[in-house]
Amino acid sequence: MIYKRKITLILCFIGVGLIRLFASEPIILEYSDALIGEQDSVTNLRKLVGNVRLRQGNVRITCDNAIQYIGLNKYDLIGNVVIKQSTITLKSPSINYDGNTYLATAKNGVQITDKETRLAADYGTYSTQTLIANFAGNVIVEDDSTIIYSNFVTHNRNNRISNAWGNVLVIGKYTNARLAGDSVVNIPMKNLSEVYGNPKLLQIDSSGANSQDTLFISANKMEAIREADNERYLARGNVEVIRNNLQARAENTTYYKAKDIIFLEEFPILWYDSTQLFADTIVVQLKNNKLRRIDAVSRAFSVSQNDTMNAARKDQMSGKIITIEFESDTLKQIVAEGNARSLYFINTDGQPDGVISVGADRITIEIVDKKAENIIMINNVPGEYLPQPLILNEEAKYYLPGFRFSQDRPQRIDYSIFEVNSRNKRKEKK
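Residues numbered from 1 in each chain as written. Predicted model: local features only at pLDDT ≥ 70, side-chain atom pairs only at ≥ 80, totals over all residues. Heavy atoms only, no water.

Asker: Could you clarify how one ought to interpret the overall build of the chain in this entry?
Answerer: Looking only at helices and strands, the chain has 2 helices and 30 strands in total. The buried share of the chain, reckoned over its 430 residues, is 49%. Sequence-distant contacts, at least 24 apart, represent 41% of the contacts inside the chain between residues at least 6 apart. If you sum the accessible surface of the chain, you get close to 22100 Å²; carbon and sulfur atoms cover 51% of it. (Helix = DSSP H or I, 4+ residues; strand = E, 2+ residues; numbered from the N terminus. Buried < 20%, exposed > 50% of the residue type's maximum accessible area, 1.4 Å probe, protein only. Contact = heavy atoms within 4.5 Å. Areas by Shrake-Rupley, 256 points an atom, 1.4 Å probe, with all protein chains shown as cover.)

Set out below in structure tokens:
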């Protein structure tokens, strides 16, 4: 009997502790111009009319009118509803607030501001206990560096991290770059946005999104790091790059926006006009939003389709490094260094006239009006000339070692996915 009594007392203490642990704080009515009591068949109601003020712990609520569900710790808040908690302010035309679950539910539009972060949507819930907001419908999340548009957002006030999904568009406030994708994780404390599900980057030229100088990058995953002096974008998996008549593919790409440099790594291929470029790493340098230089580093190989009448006549270069230099987006010269080799097909009076293959420590081809004007070789070895009758229909037999060619050139893009008022006609709320 003694043991049973002890066990009973212990269970009673545990029960009281659990009740205290999980019991919710009551919602306190601080003021209302008028109170009107009503009763229906299910629950007691009381109408609060005019300048309503409520409080629950550190949560302060004001509204024009309210309906109190007596004994249930619940309120329907109506008209100019404002909920404040620490640095958070929530506003909506109407809200259902459940004091038992600490959950505010807004179905007719809602806004939350918290320091530099602002959220707006058609529908939303906010927990005054977990400090987590869930928004849906024409969602906008704005902080000190970005604006995010999406169909859905979960925002954690504790760490300011926002998870957005559904038709996501991210616009940087202090950059002309835009990101689109299926979902985004935005981490303001790290100036970081992670984009998943068909992520795409658009670097908009000052003359508009459809400008030839606009840069487009797509990948399986993308990260945007917006540090003041080192803004950069990391694209991973099946990367495509498109800029005017330059296109590229690679597994990994890093775009250093502040430095105007694009690194293409892991099986990169770059197309420029009729030329393809292969290497272990390809580096594209821009200047004033114009192409300045392309470096293909390690096992570099270039192929140019200059003869449009015969696809087999492909001019080629190889070397440890191939450098292509530009002036205001115009190709000026191609340089191959380190065991450099060149193979180019000759035309005489517009007719095929054989092929020349040469090797040297360094080969420079100077370009004028998109045509090879001068070829300069340093420490060259004797070349080989093969007349046209010998190579006819057997051109590929004489290609340089390591020859590669790809037809998988990236296609043009749909710019509308980067427009604010596109698919779901998103409109920024004032």
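Asker: Explain the nonpolar core to me, please; I cannot follow it from the model alone.
Answerer: Buried together is how nonpolar side chains tend to be arranged in soluble globular proteins. Core analysis: the largest hydrophobic core is formed by 80 residues, its most contacted members being L77, I83, I217, L264, L270, V284 and I294. Counting residues per element, this core draws most heavily on strand β28 (residues 351-368), at 6 residues. If you look at the next biggest cluster of nonpolar residues, it comprises 15 residues, including L169, Y415, F418 and V420. (Core = buried A, V, L, I, M, F, W, Y, C linked by side-chain atoms within 4.5 Å.)

Asker: Please explain the side chain of S193 as it appears in this structure.
Answerer: Its place among the elements puts S193 in strand β15 (residues 192-196). The buried category is assigned to S193, whose relative accessible area is 0%. Among the polar contacts listed, one links the side chain of S193 to the side chain of R226, at a separation of 3.0 Å. Among all residues touching S193, those that are not within four sequence positions of it are V170, V184, V185, N186, M222, E223, A224 and R226. (Polar contact = N/O pair within 3.5 Å; in protein donor to acceptor, adjacent residues only side chain to side chain.)

Asker: Please explain the packing of aromatic side chains as it appears in this structure.
Answerer: Each pair of aromatic rings is reported with the distance of its centres and the angle of its planes. All chains considered together, the criterion is met by 7 aromatic pairs. Ring centres 5.9 Å apart and planes at 80° place the aromatic pair Y256 and F263 in the edge-to-face group. Residue classification places Y256 among the partly exposed positions, given a relative accessible area of 24%. Classification of F263 as partly exposed rests on a relative accessible area of 29%. Look at Y272 and F326: their rings are 4.8 Å apart centre to centre, the planes differ by 70°, and that puts the pair in the edge-to-face class. Taken together, the residues Y272 in strand β22 (residues 269-272) and F326 in strand β26 (residues 315-327) connect sequence positions 54 residues apart. For the pair Y272 and F326, a shared accessibility class is recorded, and that class is buried. Each residue in the set F301, Y399 and F403 is aromatic and connected to the rest through ring pairs, giving one cluster. (Phe/Tyr/Trp six-rings, centres within 6.5 Å; stacked < 30°, edge-to-face > 60°.)

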